[in-house]
Amino acid sequence: MSIEIATYLMIFAIFALLVLGLPLAFVTGLVAAGFTLGWFGPVAVPLVASRMFGFITEYSLVAVPMFVFMAGLLDRSGLARDLFNSMRFFAGRLPGGVAVQTIVVAFFLAAISGIIGGEIVLLGVLALPQMLRLGYDKRIAIGVVCAGGSLGTMVPPSIVLIIYGLIASVSIADLFKAAIVPAALLMGSYMLYVVVMCLRYPHMGGAHLEKDTKVPRLTLGEAFKGMFFPIAIAGLVLGSIYAGIASVTEAAAMGAMGVLLAVLIRGEFSIRLLQESLTQTLETCGMIVWIGIGAACLVGVYNLMGGNRFVSSAITGLEVAPFVIVLVMMLMFLLLGMFLDWIGIAMLCLPIFVPIVVELGYDPVWFGILFAVSMQVSYISPPFGPAAFYLKSVAPPDITLTDIFRSMVPFIVIQIAVLGLLLYFPAISTWLL
């Protein structure tokens with residue numbers, strides 16, 4: 001059997017098993033085992049298994065459970081709620097002010113934890129009911145929660161960037177630096193869209209002045225007090241990384257300890273809160289590790305079969321400009337993102353794509369930022385955008401999945417526009433380096 005036929009069979013087997021409803025981790029593991037035994041026989045099993053060992057013993061992977069634990073504590077404490085209430089003081093009478101502050105709060109939450117799902121649920125509980133109560137158009141309210149919550153794919157300390165750095169053997173600190181401007185550009189684009197829409201169509205911003213009587217207006221001192229811990233924690237994590245004081249893994253441990261201390265100081269600590277946060281950490285990290293194990297084995301056997309050389313020669317042999325090849329990769333990310341989780345896409349595609357990008361003469365850090373933005377698009381894209389299902393779990397019953405996906409269309413357009421800017425102007429994501 002030629003490598004070309006084997007490649008098509010492998011792709012068909014993966015999608016056929018996914019259609020049957022098997023989890024991605026088991027799908028990749030089964031396909032890897034089948035092709036290992038069918039192509040090489042039992043003798044190659046230890047070679048493929050060594051890829052699995054190399055993945056799970058990577059030191060930088062320790063940062064992932066730390067950031068997930070931080071997110072779990074934030075979800076269950078009052079830190080995020082107080083941050084949201086504090087931002088109300090500064091939103092003032094800005095058109096779409098509550099929606100704008102929701103985006104800013106989402107940015108801060110992403111800078112603290114780097115986890116996406118928890119942010120969307122948190123914003124769905126805190127911000128969505130308030131915007132709907134104030135008369136905001138539900139398309140604005142839903143879109144802001146989902147798009148703002150998905151900023152976690154970009155804002156350091158993004159788990160997406162950490163996994164990319166591990167796979168591509170790129171400095172995670174450099175990825176974090178490169179992501180600052182693109183993440184701020186995305187946040188600013190969302191805010192600009194909301195303000196413009198609420199200025200042009202005032203009814204979309206609702207009666208946003210003073211109808212919310214359930215959340216009291218804060219004084220300036222109370223507003224700064226509510227923002228103190230989130231800003232301090234974000235500064236501790238990112239400042240220690242950018243200043244060269246700590247590695248990403250060490251900064252993650254410092255951040256987890258910082259959030260835990262903040263919860264203790266605020267008097268919100270309980271055994272149940274700790275247990276639930278640790279349970280969420282184990283569940284999330286278990287999913288990441290199992291998907292990583294399966295994908296590492298699959299990529300390992302495919303490379304042993306000569307698949308990496310086949311794909312590399314097929315792509316680089318195209319008589320097109322290198323930039324077009326990168327565009328094709330982005331299109332593949334966006335298409336796969338409609339059906340697969342970002343972890344699976346990263347594990348399956350990046351080991352093959354990154355060497356090609358380097359061979360073409362492009363910066364792998366820049367490509368990592370493009371990957372993170374494309375995964376943000378996939379996070380809110382139909383038909384399986386995870387953000388929609390996270391929000392549906394806490395949204396009012398009258399909000400359907402169709403409403404959620406329709407509301408995200410303008411924000412998907414914004415994300416693709418920003419992705420295009422980063423493609424044509426790489427300096428946006430590399431000038432801090």
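Rules of the game
Residues numbered from 1 in each chain as written. Predicted model: local features only at pLDDT ≥ 70, side-chain atom pairs only at ≥ 80, totals over all residues. Heavy atoms only, no water. Helix = DSSP H or I, 4+ residues; strand = E, 2+ residues; numbered from the N terminus. Rg over C-alpha atoms; globule rule 2.2 N^0.38 Å. Buried < 20%, exposed > 50% of the residue type's maximum accessible area, 1.4 Å probe, protein only. Contact = heavy atoms within 4.5 Å. Areas by Shrake-Rupley, 256 points an atom, 1.4 Å probe, with all protein chains shown as cover. 1 Å grid on protein atoms, 1.4 Å probe; cavity = no way out; pocket = protein on both sides within 12 Å on 5 of 7 lines; lining within 4 Å. Points joined across faces, edges and corners; volume = space filled by probe spheres on them. Nonpolar A, V, L, I, M, F, W, Y, C, P; charged D, E, K, R; others polar. Axes fitted to C-alpha atoms, helices over the stretch in contact; angles between N-to-C directions. Parallel < 35°, antiparallel > 145°, perpendicular 65-115°, else oblique. Left-handed = near helix turned anticlockwise from the far one by under 90°. Disulfide = S-S within 2.5 Å. pLDDT = per-residue confidence, 0-100. Expected span 1.5 Å × (residues − 1). Arc of directions from axis to C-beta. Salt bridge = Lys/Arg side-chain N within 4 Å of Asp/Glu carboxyl O. Phe/Tyr/Trp six-rings, centres within 6.5 Å; stacked < 30°, edge-to-face > 60°.

### Here's the deal with the overall build of the protein chain
Secondary structure summary: the protein chain contains 21 helices and zero strands in total. A compact globule built from 433 residues would reach a C-alpha radius of gyration of about 22 Å, and the protein chain, at 22 Å, matches this within 12%. For the protein chain, the spread of C-alpha atoms along the three principal axes comes to 70 × 45 × 45 Å. Per-residue burial over the protein chain gives 53% buried out of 433 residues. Excluding contacts between residues fewer than 6 apart, the proportion of contacts in the protein chain whose partners are at least 24 apart in sequence is 80%. Of the roughly 18,000 Å² of accessible surface on the protein chain, 71% is carried by carbon and sulfur atoms.

### Thoughts on the layout of surface pockets
The space that makes up the second largest pocket amounts to roughly 660 Å³. Surrounding the second largest pocket, 24 residues form its lining, Thr7, Ile11, Met332, Cys349 and Ile352 being those nearest its centre. Broken down by secondary-structure element, the contributors of at least two residues to the lining of the second largest pocket are helix H1 (3-19), helix H13 (271-304), helix H14 (307-316), helix H15 (322-337) and helix H16 (342-359). The class makeup of the residues in the lining of the second largest pocket is 22 nonpolar, two polar and no charged.

### Topic: the packing of H15 against helix H17 (residues 364-379)
For the pair H15 and H17, the least separation of the axes is 8 Å and the interaxial angle reads 30°. As judged from the angle between their axes, H15 and H17 are roughly parallel. Remark: the crossing between H15 and H17 carries right-handed chirality. Residues Val326, Met329, Met330, Phe333, Leu334 and Gly337 of H15 pack against Trp366, Phe367, Leu370, Phe371, Ser374, Met375, Val377 and Ser378 of H17. Residues of the contact of H15 with H17, tallied by class, amount to eleven nonpolar, three polar and no charged.

### Side note on the state of the cysteines
One pass over the full model with this rule turns up zero disulfides. Take Cys146: it sits in no disulfide, and the sulfur closest to it among the cysteines is that of Cys198, at 17 Å. Left without a disulfide partner, Cys297 is nearest to the cysteine sulfur of Cys349, which lies 17 Å away. Residue classification places Cys297 among the buried residues on the basis of a relative accessible area of 13%.

### Describing the confidence of the model for the protein chain
Low pLDDT marks regions whose predicted coordinates should not be analysed in detail. Taken residue by residue, the protein chain gives an average pLDDT of 82. The fraction at 70 or more is 94%. For the protein chain, the element scoring lowest by mean pLDDT is helix H5 (residues 79-91), at 73; helix H20 (residues 409-424) scores highest, at 93. Under a pLDDT of 50 for its full length, residues 208-213 has, in the predicted model, 13 contacts with residues more than four places off or in other chains.

### Digging into the packing of helix H9 (residues 159-168) against H16
At a closest axis distance of 9 Å, the pairing of H9 and H16 adopts a crossing angle of 35°. Both H9 and H16 take part in a crossing whose hand is right-handed. Contact residues: H9 offers Ile159, Val160, Ile163, Tyr164, Ile167 and Ala168, while H16 offers Trp342, Ala346, Met347, Leu350, Pro351 and Val354. Of the residues contributing to the contact of H9 with H16, the split by class is twelve nonpolar, no polar and no charged.

### Remarks on H1
Turn by turn, an α-helix covers 3.6 residues, leaving residues three or four places apart pointing in a common direction. Taking 1.5 Å per residue, 17 residues should reach 24 Å; H1 reaches 24 Å between its end C-alpha atoms and fits that length. Buried within H1 we find Ile3, Ala6, Thr7, Met10 and Ile14. Seen end-on, H1 carries its buried residues on one side only, within an arc spanning 105°. Turned more than 90 degrees off the buried face of H1, the exposed positions are Tyr8, Phe12 and Val19.

### Examining the pattern of salt bridges
Here the structure, examined in full by the defined rule, presents four salt bridges. Across the salt bridge formed by Asp137 and Arg139, the nearest N and O atoms sit 3.0 Å from each other. Its relative accessible area of 47% is what places Arg139 among the partly exposed residues. The residue Arg272 makes a salt bridge to Glu276 at a minimum N-O spacing of 3.0 Å. Taken as a pair, Arg272 and Glu276 lie in helix H13 at a separation of four residues, close to a single helical turn. The class for Glu276 is partly exposed, based on a relative accessible area of 31%.

### So, the packing of aromatic side chains
Within the structure shown, the criterion is met by ten aromatic pairs. When the ring of Phe228 is compared with that of Phe229, the centres are 5.3 Å apart and the planes differ by 65°; the resulting orientation is edge-to-face. Members of the aromatic cluster, each reached through a chain of ring pairs, are Tyr164, Phe333, Phe353, Phe367 and Phe371.

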